[in-house]
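Now for the letters of each chain:
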Amino acid sequence: MKEMESLFTVQEEDTVLRQLQHRKENLPEAELVANIENQLVKLAERKNLLSAQHLETVQRQKRLEQEVEAVESRISELDGKLYGGMITSPKEATSLEVEIQHLRERQNELEEKVLELMEEVEPQEREIVEIDDENHKAQNELEVAHEALQVVTAELEETLKDAQQRRKEAATETEDELLKHYENLRGAFGSSVVVQFDGNNCKGCPSTMPAVEADRLKQIPEGSYSNCQECGRIVAR
Ligand SMILES: [Zn+2]
């Protein structure tokens, strides 16, 4: 009797262990940590891309500003020439005026482009600040989520250890051969390797037992067991 009881305990604890293991592998706390880590990776990628774009825009802006400066200094050079009293022919003066006019047009074009780029830079910088904020927030969330995961994992490990201990104790109280037999059948029957005979039927059988098999099981002494010829499970009397 005790023998079968301990085997039932082994089976119960195996079921508990399997459920705990499943819980451990599917912790929502672990999923949350993974989600936040994933979010952080995406934020970093987005920031890298944006920073590169921002850098490029700023560099283009700088190059244009240098060009504006060059044009400006060329204009003032020509202005100096034009009004410096060095020009003798009206033709030369006209040609200088035309060149200055072209340069002013070029300057306006360049300055417009600089303004356009400045308008591009602004939202880029705003978004980079937003990403930094989001990143900071996610880092804090990650810390909290990590702690929660650690707490729940430690609790679960404790529960697992207790169940393992109870299983071990029940296993030592079970006859070796019966235990081995039980373990060989676990793959096939999971949490119902060993079942009770209810007086007429094996509880593992899906339908009513044939009378011959039921009679055979009735002959077995109580507290003992046999293999069900119908479903293959261990039937306890
Ligand atoms: Zn059966």
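Undergrad: Outline the coordination of the zinc ion, supporting the account with residue identities and numerical values.
TA: For a metal with four tetrahedral donors the ideal donor-metal-donor angle is 109.5 degrees, while six octahedral donors give ideal angles of 90 or 180 degrees. Every protein donor of the zinc ion is accounted for by Cys 202 (SG), Cys 205 (SG), Cys 228 (SG) and Cys 231 (SG), and the metal-donor separations fall at 2.3 Å. Every donor counted, the four donor atoms about the zinc ion form angles of 96 to 116° at the centre, which fits tetrahedral coordination. Counting the intervening residues between successive donors of the zinc ion yields the motif C-x2-C-x22-C-x2-C. Given the relative accessible area of 2%, Cys 202 is considered buried. By relative accessible area, Cys 205 is classed as buried at 13%.

Undergrad: Tell me about the nonpolar core, and please be specific about residues and values.
TA: Of all hydrophobic cores here, the largest spans 15 residues; its most connected members are Met 4, Leu 7, Val 10, Tyr 182, Val 194 and Ile 234. Sorting the residues of this core by element identifies α1 (2-25), α3 (90-172), α4 (176-189) and β3 (234-236) as the ones contributing at least two each. Top element by residues in this core is α4. It accounts for five residues. Taken domain by domain, this core gets at least three of its residues from each of domain 1 (2-173) and domain 2 (175-237).

Undergrad: Mind laying out the side chain of Glu 13, listing which residues take part and the relevant values?
TA: Its place among the elements puts Glu 13 in helix α1. When near neighbours in sequence (up to four residues on either side) are disregarded, Glu 13 contacts Ala 163, Arg 166 and Arg 167.

Undergrad: Describe in detail the pattern of salt bridges, supporting the description with residues and values.
TA: Enumeration over the complete set of coordinates arrives at 13 salt bridges. When the shortest N-O distance is used, the salt bridge between Glu 127 and Arg 46 registers 2.8 Å. Taken together, the residues span a long stretch of sequence, with Glu 127 in helix α3 and Arg 46 in helix α2 (residues 28-83) at a distance of 81 residues. Given the relative accessible area of 27%, Glu 127 is considered partly exposed. One salt bridge connects Arg 106 with Glu 67, and the closest N-O pair in it is separated by 2.6 Å. Separated by 39 residues along the polypeptide, Arg 106 in helix α3 and Glu 67 in helix α2 bring together distant segments of the chain. The class for Arg 106 is partly exposed, based on a relative accessible area of 30%. Glu 67 gets classed as partly exposed once you look at its relative accessible area, which sits at 33%. Each of Asp 14, Arg 167, Glu 183 and Arg 186 takes part in salt bridges that share partners, so that together they form one network.

Undergrad: Which residues make up the sheet that holds strand β2 (residues 225-227), and what values do they have?
TA: The sheet built from three strands is open, its strands ordered β1-β3-β2 with mixed pairing. The open sheet has two edge strands, β1 (194-196) and β2, and neither has a second partner. For this sheet, the mean inter-axis angle between neighbouring strands, taken without regard to orientation, is 30°. Along the sheet, α4 contacts β2 and β3; its crossing angle with β3, the most-contacted strand, is approximately 130°.

Undergrad: Any chance you could break down the packing of α2 against α3 for me, citing the residues and the numbers?
TA: As a packed pair, α2 and α3 sit with axes 6 Å apart at the nearest point and diverge in direction by 165°. What the angle tells us is that α2 and α3 run roughly antiparallel. Crossing angle aside, the handedness with which α2 passes α3 is left-handed. Counted by class, the contact of α2 with α3 contains 31 nonpolar, eleven polar and 23 charged residues.

Undergrad: Can you explain the domain arrangement of the protein chain? Please cite residues and give values.
TA: Once the domains are mapped, the protein chain shows domain 1 (2-173) and domain 2 (175-237). Counting from both sides, the interface comprises twelve residues of domain 1 and, opposite them, 18 residues of domain 2. A per-residue breakdown of the area domain 1 buries against domain 2 is headed by Met 4, Leu 7 and Gln 11, which together make up 45% of the total. The tally of links from domain 1 across to domain 2 stands at two salt bridges. Seen at the junction of domain 1 and domain 2, the total is five residue pairs in polar contact (both at pLDDT 80 or more). If you list the elements that add at least two residues to the side of domain 1 that touches domain 2, you get α1 and α3. Here the element with the most residues in the side of domain 1 that touches domain 2 is α1; it accounts for nine residues. Of the residues belonging to the side of domain 1 that touches domain 2, the class tally is five nonpolar, two polar and five charged.

Rules and cut-offs
- Residues numbered from 1 in each chain as written.
- Predicted model: local features only at pLDDT ≥ 70, side-chain atom pairs only at ≥ 80, totals over all residues.
- Heavy atoms only, no water.
- Donors = N, O, S within 2.8 Å, 3.2 Å for Na, K, Ca; no water.
- Tetrahedral: all angles 85-135°; square planar, octahedral: opposite > 155°, others 65-115°.
- Buried < 20%, exposed > 50% of the residue type's maximum accessible area, 1.4 Å probe, protein only.
- Core = buried A, V, L, I, M, F, W, Y, C linked by side-chain atoms within 4.5 Å.
- Helix = DSSP H or I, 4+ residues; strand = E, 2+ residues; numbered from the N terminus.
- Domains from an automatic or database assignment.
- Contact = heavy atoms within 4.5 Å.
- Salt bridge = Lys/Arg side-chain N within 4 Å of Asp/Glu carboxyl O.
- Pairing = 2+ DSSP bridges.
- Axes fitted to C-alpha atoms, helices over the stretch in contact; angles between N-to-C directions.
- Parallel < 35°, antiparallel > 145°, perpendicular 65-115°, else oblique.
- Left-handed = near helix turned anticlockwise from the far one by under 90°.
- Nonpolar A, V, L, I, M, F, W, Y, C, P; charged D, E, K, R; others polar.
- Buried area = accessible area lost by both parts, 1.4 Å probe.
- Polar contact = N/O pair within 3.5 Å; in protein donor to acceptor, adjacent residues only side chain to side chain.

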